[in-house]
Amino acid sequence: MITSGYATREGTAKDNADSATVYEMADGSVGAAVIDGIGHGPHTSRTAPLLAEVAARYAAHRGAVQGILGAGLLVADPGPTGDEANAVGVVARVYADGIRVAWVGDCRAYSWNGSALTLNTTDQTMARWVEQFGPPVDVTQAYGAWIRVSLATATIATVSEIEVTEPLVILTSDGVHDQTPHQVLEDLVREHAHDPQALADALVAAAQPDETGYRDDATAVVIHRPATTA
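This part takes up the sheet that holds strand E6 (residues 108-112). Across the sheet, which stays open at both edges, the five strands sit in the order E1-E10-E9-E6-E7 with antiparallel pairing between neighbours. With partners counted over all chains shown, the strands left at the sheet margins are strand E1 (3-9) and strand E7 (117-119), one partner each. Here the average twist between neighbouring strands, direction ignored, is 20 degrees. Relative to E7, E6 runs antiparallel, the two being bridged by three bridges. The residue of E7 that forms the bridge with Tyr 110 is Leu 119.

Following this line, the structure appears as structure tokens:
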């Protein structure tokens, strides 16, 4: 039986632009999504829950990539005033034999093998691109928030996808992983791995303000799939 939990906490800037949904189908397969709205425009906090719901349901039926693309269609047009919401996200489809994860932007997926927490995704930011392919300079601070792919611009060619074999998967918005040291995340997973809801609550609560007092919206989904036996 697949078990899950999710939690979200508003940051210090206006209302919560994050959202999360876990959707279970009749056959027991699960679609899950974490959505992180970009900025706090007039439609962002209202649209983020809709994006999460669509992404999770599409993922459960059609796969993780289709979850991203389906949600992306809702915000692909900027609207008559040009202020339609936009977001980044990470989506998972969990079924009896495995977990597929797809993402755009800087939401992340981690997995836990019982002893170590592994980051399975690569942020689609300009900072990460320059680190991989650009000049040997430190540009993380300057380009860390420069998103290269969002839901509104996502295509089949720009959505990243992976297969995760570990039974425990964690989806997070950057308000969790950017404001909580990796070792703290790992310690929390070790403590709460047996209880997905308790772990989601703990991850969101652990995010701390930066030196200016700013704390981003923080959201996490935790999914546990029973390990298969040969």
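Attention now moves to helix H1 (residues 44-62). With 19 residues, H1 ought to run about 27 Å at 1.5 Å a step, and its terminal C-alpha atoms sit 26 Å apart, in line with that. Of the positions making up H1, those classed as buried are Thr 44, Thr 47, Ala 48, Leu 51, Ala 52, Val 54, Ala 55, Ala 56, Ala 59 and Ala 60. Buried-residue contacts for H1 involve strand E2 (18-24), strand E3 (30-37), helix H2 (64-75) and strand E4 (87-95).

In total, this model carries six salt bridges according to the counting rule given. With its nearest N and O atoms 3.8 Å apart, the salt bridge here joins Arg 190 to Glu 186. You can see Arg 190 and its partner Glu 186 sitting in helix H6 (residues 182-192), four residues apart, about one turn around the helix. Classification of Glu 186 as buried rests on a relative accessible area of 12%. Ionic pairing is found between Asp 187 and Arg 190, a salt bridge with its closest N-O pair at 3.4 Å. In this pair, Asp 187 and Arg 190 both sit in helix H6, three residues apart, roughly one turn of the helix. Overall, the relative accessible area of 44% leaves Arg 190 in the partly exposed class.

Right, let's get into the sheet that holds strand E5 (residues 98-104). Sheet strands line up and pair through hydrogen bonds in the backbone, either parallel or antiparallel. In space, the five strands of this open sheet follow the order E2-E3-E4-E5-E8, with antiparallel pairing throughout. Across the chains shown, the open sheet's two edge strands, defined by having one partner strand only, are E2 and strand E8 (160-164). Adjacent strand axes in the sheet meet at a mean angle of 15 degrees, parallel and antiparallel pairs treated alike. Pairing of E3 with E4 involves eight bridges; the strand directions are antiparallel. For Asp 36, the partnering residue across the bridge sits in E4 and is Val 88. The strands touched by H1 within the sheet are E2, E3 and E4, with E2 carrying the most contacts at an inclination of about 25 degrees.

On to the pairing of strand E9 (residues 168-172), then. For E9, a buried count of five out of five residues is recorded, marking the element as mostly surrounded by other parts of the structure. With five bridges connecting them, E6 and E9 associate as antiparallel partners. Looking at the pairing, Tyr 110 lines up with Ile 170 of E9. Sheet topology places E9 next to strand E10 (residues 218-224); five bridges connect them, and they run antiparallel. Residue pairing across strands places Leu 168 opposite His 224, the latter belonging to E10.

Moving on, we get to the packing of H1 against H2. Interaxial distance between H1 and H2 falls to 7 Å at its minimum, and their mutual angle equals 145 degrees. Seen from above, H1 lies across H2 with right-handed handedness. For the pair formed by H1 and H2, the contact residues are Thr 47, Leu 50, Leu 51, Val 54, Ala 55, Tyr 58, Ala 59 and Arg 62 on the first element and Ala 64, Gln 66, Gly 67, Gly 70, Ala 71, Leu 74 and Val 75 on the second. Per-class residue counts for the contact of H1 with H2 are ten nonpolar, four polar and one charged.

Its location among the elements puts Gly 114 in the loop between E6 and E7. Remark: the alpha-carbon pair of Gly 114 and Glu 166, spanning 52 residues in sequence, is separated by 8.8 Å.

Ranked by size, the top nonpolar core spans 25 residues in total, and within it Ile 35, Leu 51, Ile 68, Val 104, Leu 151 and Val 159 carry the most contacts. Looking at this core, the elements with two or more residues in it are E3, H1, H2, E4 and E5. Top contributing element to this core by residue count: H1, with seven residues. With residues up to four places along the chain from it excluded, the contact list for Ile 35 reads Ala 17, Asp 18, Ser 19, Ala 48, Leu 51, Ala 52, Ala 87, Val 88, Gly 89 and Leu 151. Membership of the second largest hydrophobic core comes to 21 residues, among which are Ile 170, Val 176, Ala 200 and Val 204.

Procedures and definitions
- Residues numbered from 1 in each chain as written.
- Predicted model: local features only at pLDDT ≥ 70, side-chain atom pairs only at ≥ 80, totals over all residues.
- Heavy atoms only, no water.
- Pairing = 2+ DSSP bridges.
- Helix = DSSP H or I, 4+ residues; strand = E, 2+ residues; numbered from the N terminus.
- Axes fitted to C-alpha atoms, helices over the stretch in contact; angles between N-to-C directions.
- Expected span 1.5 Å × (residues − 1).
- Buried < 20%, exposed > 50% of the residue type's maximum accessible area, 1.4 Å probe, protein only.
- Contact = heavy atoms within 4.5 Å.
- Salt bridge = Lys/Arg side-chain N within 4 Å of Asp/Glu carboxyl O.
- Left-handed = near helix turned anticlockwise from the far one by under 90°.
- Nonpolar A, V, L, I, M, F, W, Y, C, P; charged D, E, K, R; others polar.
- Core = buried A, V, L, I, M, F, W, Y, C linked by side-chain atoms within 4.5 Å.

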